[in-house]
Amino acid sequence: SRTCVSSRVTSNFGQNFHSAPVGLKAHKGQAHLDLVQDAVVKSNKKETKQTMPPSQVKLLSDRLQEQSNAGDVLAAEVTFDTLVDAGTADEAAFYAMGNAFFKSKMYHSGFEVLHKLKTLRFPMNTDLCNLKLKLMAKMKQNQEIISYFQEMKRRCQTDKTSPRPDATTYALVMCVPSDSQQNACKQVITLYEEMIAEKVPLNLLCYNTLLSFFVKNELFDDALKIYESIHSDGISPDAYTYSSMLELYKLKKEYRKAHELFEEIRNKPGVVDVPVCNTMLCVYRSCLHYDLAENLFAEMKEKGLAPDDYTYVIMLTMFRNKQDFNKCEDIYQQLRDSAIPMNMTISATLESIQKERRNLERLTGLYVKFGQKLPVPVDGMIPPPDIENFPALEVSPQVLLDPDMRHAPRYTL
């Protein structure tokens, strides 16, 4: 059905061209074809005003927006084609259709919509430019993103009506990968300073991009300043914001602050999603509060938050670290019932559980072999025997687990 979007333009153009005056057909060259095409567009718009009332145009435009937000690309395509054929499709309609293709991961079709926009000689606005950047990012056209961004800035200097880069534009450019961490930091900080100099107002997307970048690169002071700026600007943080802050506290081993923040947002509607819960599960796993992790895992299901593959990997590794293989089997059964497809991360986790189980069996045998009494498990785990030369294990516990976690007491939350 997508072929009709581009083919109808060609067919309509051909019909109107052959019906054009002879004088126009006699001319050759792109300039004269553009004149004909402009005449076709104006003619279609003129006919539309007579055939489609404004109320119907608004109804179709609103419907297209709803279908785009819902990701219903097939229905959106039908509505979009109706507007295009009637000559009433505006920039918002093209953005809605392109965004529907973007959400459906049909990136080439999204580019076709933007190309059609250019064919019909519609002007690009900032939202459409940002949509093009998002499509480029998904297609991994990193160099093209930088070039297009520079072109936007150059055009703004010579033409005041050209679309100006906004906070979303800068956020998309900040996400372009760099060849090194140093260059990535330099690029992000340069763009951030440029936004401040150009007085570009920051939105939540840009703040979240900066916050996530600073957390991943362990620039904690800068991340905290960004988090404070979000509140000082009167912007309400979303799930992505809180997930980054929980990750920050986890990396700094400030587990109490992470726990307090999660308790603060736990019952806020629309804030706690699966990634936020996954981050908090990692926090509980790191501070050895397995009981709180189990409670949160059960609470996710009660609230209708379907655990994803990463959720199950966290739970499996937690019980593996605890050497509670019965719980591992229970989580694995829930994973199979969820119909989540197997991937490399899950396979590697299951393999590590099998190796850890064999290690435990060999450890038990070593204690018997060397005449040592089997010790009391520490946090449910049996430490290796205290001897200098005992047979090497298939996988060293130090490889599978931070040694401090085997013997250290739980952190107090």
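Our structure's up above, just so we're on the same page.
Here the residue numbering is sequential within each chain, running from 1 through the sequence in written order. Whole-chain, interface and lining totals are the exception, using all residues; otherwise, since this is a predicted model, local features are given only for residues with pLDDT of at least 70 and side-chain atom pairs are given and counted only at 80 or more. The side-chain figures draw on all heavy atoms in the structure; neither hydrogens nor water molecules are used.

### Focus: the overall build of the chain
Item 1. Put simply, DSSP H or I for four residues or longer makes a helix, DSSP E for two residues or longer makes a strand, and each gets a number counted from the N terminus. A count of helices and strands for the chain gives 22 helices and zero strands.
Item 2. Evaluated residue by residue, the chain yields a buried proportion of 43% over its 413 residues.
Item 3. By definition in these notes, contact holds between two residues if any of their heavy atoms fall within 4.5 Å. Put simply, of all contacts in the chain between residues at least 6 apart along the chain, 63% involve residues at least 24 apart.
Item 4. For the area figures, the Shrake-Rupley method with a 1.4 Å probe applies, and any residue is considered shielded solely by the protein chains shown. Here the chain has roughly 22,700 Å² of accessible surface; of this, 53% comes from carbon and sulfur atoms. Burial status follows relative accessibility: with a 1.4 Å probe on protein chains alone, a residue under 20% of its type maximum counts as buried, one over 50% as exposed, and anything between as partly exposed.

### Some details on helix α4 (residues 54-70)
Item 1. Expected helix span is taken as 1.5 Å per residue step, with the number of steps being one fewer than the number of residues. An ideal rise of 1.5 Å per residue puts 24 Å on 17 residues; α4 measures up with 24 Å between its terminal C-alpha atoms.
Item 2. Listed as buried for α4 are Val-57, Leu-60, Leu-64, Gln-67 and Ser-68. Looking down the long axis of α4, one finds its buried residues gathered within 100 degrees of arc, a one-sided arrangement. Across α4 from its buried face, at more than 90 degrees, point the exposed residues Pro-54, Ser-55, Lys-58, Glu-66 and Ala-70.
Item 3. On its buried side, α4 packs onto α5 (73-86) and α6 (91-103).
Item 4. Note on α4: the residue one or two positions beyond its end, Gly-71, has a positive phi of about 75 degrees. Picture the helix axis, draw a direction to every C-beta atom, and the arc is the one those directions span.

### Some remarks on the pattern of salt bridges
Between side chains of opposite charge, pairing is possible as soon as their charged atoms come close.
Item 1. Salt bridge, as used here: a side-chain nitrogen of Lys or Arg that lies within 4 Å of a carboxyl oxygen of Asp or Glu. Taken as a whole and judged by the stated rule, the model has twelve salt bridges.
Item 2. The closest approach of N and O atoms between Lys-303 and Glu-299, which form a salt bridge, is 2.8 Å.
Item 3. Among the ionic pairs, Lys-355 bridges to Glu-351, the shortest N-O distance being 3.4 Å. Residue Lys-355 and its partner Glu-351 are located together in helix α20 (residues 344-369), separated by four residues, close to a single helical turn.

### A few points about the environment of Val-271
Item 1. Following the sequence through the fold, Val-271 ends up in the loop between α15 (255-265) and α16 (274-286).
Item 2. What makes Val-271 buried here is its relative accessible area of 10%.
Item 3. Taking the C-alpha atoms as reference points, Val-271 and Ala-239, 32 residues apart in sequence, are found 4.7 Å from one another.
Item 4. Not counting the four nearest positions on each side in its chain, Val-271 is found in contact with Ala-239, Tyr-242, Ile-265 and Val-276.

### With respect to the layout of surface pockets
Item 1. Of the volumes computed, that of the largest pocket is approximately 600 Å³.
Item 2. Grid spacing is 1 Å over the protein atoms alone, the probe is 1.4 Å, and a cavity is where that probe fits but cannot get out, while a pocket is an open set with protein on both sides within 12 Å along at least five of seven lines and lining residues have an atom within 4 Å of a point. Ala-171, Leu-172, Met-174, Cys-175 and Thr-209 are the residues nearest the centre of the largest pocket, which is lined by 27 residues in total.
Item 3. For the lining of the largest pocket, the secondary-structure elements that each account for two or more residues are α6, α8 (126-138), α10 (167-174), α11 (181-197) and α12 (204-216).
Item 4. Asp, Glu, Lys and Arg are counted as charged, while Ala, Val, Leu, Ile, Met, Phe, Trp, Tyr, Cys and Pro are counted as nonpolar; the rest, among them Gly, fall into the polar class. Split by residue class, the lining of the largest pocket holds 15 nonpolar, eight polar and four charged.
Item 5. Grid points are joined across faces, edges and corners, and a volume is the space filled by probe spheres set on the points. Its volume calculated, the second largest pocket comes out at about 470 Å³.
Item 6. What lines the second largest pocket is a set of 16 residues, and nearest its centre among them are Lys-118, Phe-122, Met-124, Tyr-148 and Arg-155.
Item 7. Elements with a minimum of two residues in the lining of the second largest pocket: α7 (107-119) and α9 (142-158).
Item 8. Considered class by class, the residues forming the lining of the second largest pocket number seven nonpolar, three polar and six charged.

### Comments concerning the packing of aromatic side chains
Item 1. The criterion for an aromatic pair is that two Phe, Tyr or Trp rings (for Trp, the six-membered ring) have centres within 6.5 Å, with stacked assigned to planes under 30 degrees apart, edge-to-face to planes over 60 apart and tilted to the rest. All told, the structure shown has six aromatic pairs when counted by the stated rule.
Item 2. Between the aromatic rings of Phe-80 and Phe-94, the centroid separation amounts to 5.1 Å while the plane-to-plane angle is 85 degrees, which identifies the pairing as edge-to-face. Here Phe-80 is found in helix α5, whereas its partner Phe-94 is found in helix α6, with 14 residues between them in sequence.
Item 3. A ring pair is formed by Phe-94 and Phe-122, whose centres lie 5.4 Å apart and whose planes are at 50 degrees; its orientation type is tilted. Of this pair, Phe-94 sits in helix α6 while Phe-122 is found in the loop between α7 and α8, placing the two residues 28 residues apart along the sequence. Of the two residues, Phe-94 and Phe-122, neither departs from the other in class, the shared state being buried.
Item 4. Here a set of aromatic residues connected by ring pairs shows up, and it is made of Phe-80, Phe-94 and Phe-122.

None of this, on its own, says anything about what the molecule does.
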